[in-house]
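Fold and contact review
Okay, here's what each chain looks like letter by letter:
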Amino acid sequence: MSDILPLRLEGLSYAAGGRTIIAPLDLTLAAGDSTVILGANGAGKSVLMRLMHGLLAPTTGRVVWRTDGPRRRQAMVFQRPVMLRRSALANVVYALDAAGVPAGQQARLAREALAEVGLVHLAHRAARVLSGGEQQRLALARAWALHPEVLFLDEPTANLDPGATREIEAVIKAFDVAGTKIVMSTHSLGQARRLGDEVIFLHQGRIAERAPIEKFFPQPASPEAAAFVKGELPWA
Amino acid sequence: MQEAILSGLALVATIDQRLWEIVALSLAVSLSAAALASLLGLPLGAAIAVGRFPGRQAVIVVLNALMGLPPVVVGLFVYLLLSRAGPLGELGLLFTPPAMVIAQTVLVLPIIAALARQAVEDAWREYEEQLRSLGVDGLRGAVTVLWDIRYSLLTAVLAGLGRASAEVGAVMIVGGNIDGVTRVMTTTIALETSKGDLPLALGLGIVLIVIVLALNAGAHLIKEAAQRRHG
């Protein structure tokens, strides 16, 4: 059912200002399982996702999708979404228009997407005056409207309170149920467990470990991941 | 002094025909110059903000420096261009309102372009990643950003208009301050003050300040309303 997956990273590395941020790595992401990228600050989580999404050009190596021209089949939700100074609905319509969706379908698809994230009642409100949680849900609606095969999320709930976080997680689950491949970085181990099927643990720009979620948390195989899980869960 | 202020106010209150013509010409010249400079300066500023080309930093430094161009030097420069022996002398524009528009356009173009460059660059830093993620870049991205910060750009345009309507040196040189033809508020104030006709000078001064105030108040209200509506 997937056209653009699997995604293969071949000898991918990234350096900026003489500093290696991602050391050369190989990685294959298949359709299906939700992938959570964990790691300390500065481990390279955001950079890795931007490389996969195509926002950054790799220093070496390649990002290879199964088919060409995948730009419109993948979407990304950032830690802090950027909304245009127009209504919530118009922001979704803008994304549809940019993706080349015919004008006749844009309004309907945008409404459906807003309904999916529970923002229909705010459709005509200015996007920039919405709360942080609402803006993040709007960012998810913008992605939902495009029906992407892959959705990248870069710490999507880092700035949100628990209530808003729950709402965001529910929408991410809905993407998963609808068949979208989830690739998400997070700082919350609880969130990783709630949403992830597998963990990729980054340490100083390298993949220290890749494991199914039910294996990773009880017994991380790498010493770095063990220390991370222990440090994050001092009570465990 | 008090008497002069009172007669100045009286002159404004009765809207003397002569005064009205001077005000109208001033507005026509400065608004045209600001409009022309915006037409050229906003895209120019946006292009410098978004573009990546060698010598970009030098261009920005020069552009910022040009914000402080002395009006008399601009006037002299345009005078040389338009004078009989100059490269554009054929057009016969010297000492006409179009010459004044050209001079003021040259004067305020760097102001509008430099302020637009700053505003667009700040916004672009915020928007770029999101827009590229949506598959938007190049011209479409620039247009999106310009439209999104249109109320901030209003400030740049107003700064240009304020500068244009307040300067005296450039219009004096290329316009010649000819009564009924190229006499504007600032040149009249300079002339009448040196002649000792303080009431007219003061009347015009008051009108000038009121116009500048009204323009800025209007722009401020528009920005406030937009802020409330769009965030």
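Residues numbered from 1 in each chain as written. Chains lettered and ligands numbered in written order. Predicted model: local features only at pLDDT ≥ 70, side-chain atom pairs only at ≥ 80, totals over all residues. Heavy atoms only, no water.

1. A few points about the sheet that holds strand β1 (residues 7-16) of chain A
Residues and elements named next belong to chain A. In spatial order, the strands read β2-β1-β4; together these three strands make up an open sheet with antiparallel pairing. If you trace the sheet from one side to the other, it starts and ends with β2 (19-29) and β4 (60-64), each paired once. Ignoring which end each strand starts from, the neighbouring axes of this sheet average 20° apart. Docked against the sheet, helix α1 (residues 45-53) engages β1, β2 and β4, running at close to 125° with respect to β1. (Pairing = 2+ DSSP bridges. Helix = DSSP H or I, 4+ residues; strand = E, 2+ residues; numbered from the N terminus. Axes fitted to C-alpha atoms, helices over the stretch in contact; angles between N-to-C directions. Contact = heavy atoms within 4.5 Å.)

2. Here we look at helix α4 (residues 132-145) of chain A
Note that an α-helix has 3.6 residues per turn; residues three or four places apart therefore point the same way. Compared with an ideal rise of 1.5 Å per residue, which puts 14 residues at 20 Å, α4 of chain A spans 20 Å between its outermost C-alpha atoms and is within 8% of the ideal. Taking burial as the measure, the 14 residues of α4 of chain A include twelve buried ones, the bulk of the element. The inward-facing, buried residues of α4 of chain A contact β5 (74-77), α2 (88-98), α3 (103-116), β6 (150-154) and α5 (162-177) of chain A together with α5 (97-133) of chain B. His-147 of chain A sits one or two positions beyond α4 of chain A and adopts a positive phi of about 45°. (Expected span 1.5 Å × (residues − 1). Buried < 20%, exposed > 50% of the residue type's maximum accessible area, 1.4 Å probe, protein only.)

3. A look at the nonpolar core
Grouped together as the largest cluster of nonpolar side chains are 52 residues, with contacts concentrated most on Leu-38, Val-92, Leu-138, Leu-140, Leu-151, Phe-216 and Phe-217 of chain A. The element that contributes the greatest number of residues to this core is α4 of chain A, accounting for seven residues. Every residue in contact with Leu-140 of chain A, bar those within four places of it in the chain, is listed here: Val-77, Val-117, Leu-151, Leu-153, Ile-168, Val-171, Ile-172 and Phe-175 of chain A. Listed in part, the 40 residues of the second largest apolar core include Met-100, Val-108, Ala-116 and Ala-164 of chain B. (Core = buried A, V, L, I, M, F, W, Y, C linked by side-chain atoms within 4.5 Å.)

4. Observations regarding the interface of chain A and chain B
Across the contact, 23 residues belong to chain A and 19 residues belong to chain B. Here chain A and chain B share an interface that buries about 2000 Å² over both sides, 46% of which is from carbon and sulfur atoms. The largest per-residue losses of area from chain A upon contact with chain B belong to Leu-55, Arg-85 and Tyr-94 of chain A, which jointly make up 33% of the total buried on that side. At the surface where chain A touches chain B, the tally comes to five salt bridges. Between Arg-80 of chain A and Glu-126 of chain B there is a salt bridge; the shortest N-O distance is 3.7 Å. Applying the counting criterion to the chain A and chain B interface returns eleven residue pairs in polar contact (both at pLDDT 80 or more). For the side of chain A that touches chain B, the secondary-structure elements that each account for two or more residues are α1 and α2 of chain A. Looking at the side of chain A that touches chain B, the element that brings in the most residues is α2 of chain A, giving four residues. For the side of chain A that touches chain B, the class distribution of residues is 13 nonpolar, two polar and eight charged. (Buried area = accessible area lost by both parts, 1.4 Å probe. Salt bridge = Lys/Arg side-chain N within 4 Å of Asp/Glu carboxyl O. Polar contact = N/O pair within 3.5 Å; in protein donor to acceptor, adjacent residues only side chain to side chain. Nonpolar A, V, L, I, M, F, W, Y, C, P; charged D, E, K, R; others polar.)

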